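Here are the chains, one letter per residue:
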Amino acid sequence: MKADKIDILIIEDEIDLREAMQSFFDQTGYSCHAVGSAEEASAWSTSNSADIMLVDITLPGESGLDWLRNHANPSKSGVIIVSAAGSDADRIAARSIGADGYFIKPVNLAELGITVKNLCNRLQFNNDWELSSVNWKLTAPSGRSMSVTASELAFLESLAITPGDPVDRKDIIERLGESPAIYDMRRMETMVKRLRTKAEETLGDPLPITTVRGIGYAFTARLNWEMNSS
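This report concerns the structure included in the present document. (Residues numbered from 1 in each chain as written. Predicted model: local features only at pLDDT ≥ 70, side-chain atom pairs only at ≥ 80, totals over all residues. Heavy atoms only, no water.)

Going from Lys105 to Pro106, the amide bond is cis rather than trans, its omega being -5°. By the secondary structure assignment, Pro106 is in the loop between strand E5 (101–104) and helix H5 (109–122). Within the chain, Trp136 stands out as a residue other than glycine whose phi angle is a positive 55°. Among the structural elements, Trp136 can be located in the loop between strand E6 (129–132) and strand E7 (137–139). (Helix = DSSP H or I, 4+ residues; strand = E, 2+ residues; numbered from the N terminus.)

In structure tokens, the structure reads:
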């Protein structure tokens, strides 16, 4: 594991799903590598290691379960199965080799992201972000900090109440001190875009904020919040 990121390996032969998962986890602050077969995973693993592995069972060539039997180390890595195969026998086989979770396709990426976050917490990986309402600062797991404006702080505070859960745009608007009836959503979209760019440039890490279609936004990494007591 890098000092400031969780390393995720995705082994998935469906290109669209593989790219969607990789994009999702890249955007939420993880270091993510994706391959399409067990053989590619073996080649990658000769000089790399993963903290969390997302593995399909039915792969071309060697199956995902066979690969895990030879490569997984449950005491050091988390394993989550993402597969169309969902029989009791498949689930039992996966659990018997140390799989921590089992998702049947089609998979909800937001739910998968929360499962990965919870697994990281259980395995005690250090991937915490820090938000200080006292000093008006956001700090990445790397220890780098950046100052935030009043509106950026209010936006981040609305997400910090329940990290990992989607927060409705209406609740965010009210936290900003505005009226949902007349607020122009383009202002929030512009602010989020600016905040993401600032985080990338200042912290060197992607900001783990995900747009949840039809709802609002979610902070999809572990976030410790130092609240202002005044």
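Let's pick the thread back up.
With four bridges joining them, E6 and strand E12 (residues 223–226) adopt parallel strand pairing. Following the sheet pairing, Leu131 is matched in E12 by Trp225. In the sheet, E6 pairs with E7 via three bridges, with the strands oriented antiparallel. Following the sheet pairing, Glu130 is matched in E7 by Thr139. Between E6 and E7, which pair antiparallel and follow one another directly, the connecting turn spans four residues, one of which, Trp136, has a positive phi of 55°. (Pairing = 2+ DSSP bridges.)

Before going further, it helps to examine the sheet that holds strand E11 (residues 216–219). The three strands are arranged E9-E11-E10 in an open sheet whose pairing can be described as antiparallel. Looking along the sheet, the strands with just one partner apiece sit at the ends: strand E9 (167–168) and strand E10 (209–212). Summarising the sheet, E9 and E11 pair through two bridges and their orientation is antiparallel. What sits directly across from Val167, in E11, is Tyr217. Helix H6 (residues 150–160) rests against E9, E10 and E11 of the sheet, and its axis sits at about 75° to E11. (Contact = heavy atoms within 4.5 Å. Axes fitted to C-alpha atoms, helices over the stretch in contact; angles between N-to-C directions.)

So, on to the pattern of salt bridges. If you walk through the whole model with that rule in mind, you get 10 salt bridges. The shortest N-O distance in the salt bridge between Glu157 and Arg175 comes to 3.2 Å. Linking Glu157 in helix H6 with Arg175 in helix H7 (residues 169–175), this pair joins segments that are 18 residues apart in sequence. Given a relative accessible area of 12%, Glu157 falls into the buried group. Assessed through its relative accessible area of 36%, Arg175 is described here as partly exposed. Note that Glu178 is salt-bridged to Arg187, the shortest N-O span being 3.1 Å. When its relative accessible area of 32% is taken as the criterion, Glu178 is described as partly exposed. What makes Arg187 partly exposed here is its relative accessible area of 44%. Here the salt bridges do not stand alone but share partners, grouping Glu12, Glu14, Asp56 and Lys105 into one network. (Salt bridge = Lys/Arg side-chain N within 4 Å of Asp/Glu carboxyl O. Buried < 20%, exposed > 50% of the residue type's maximum accessible area, 1.4 Å probe, protein only.)

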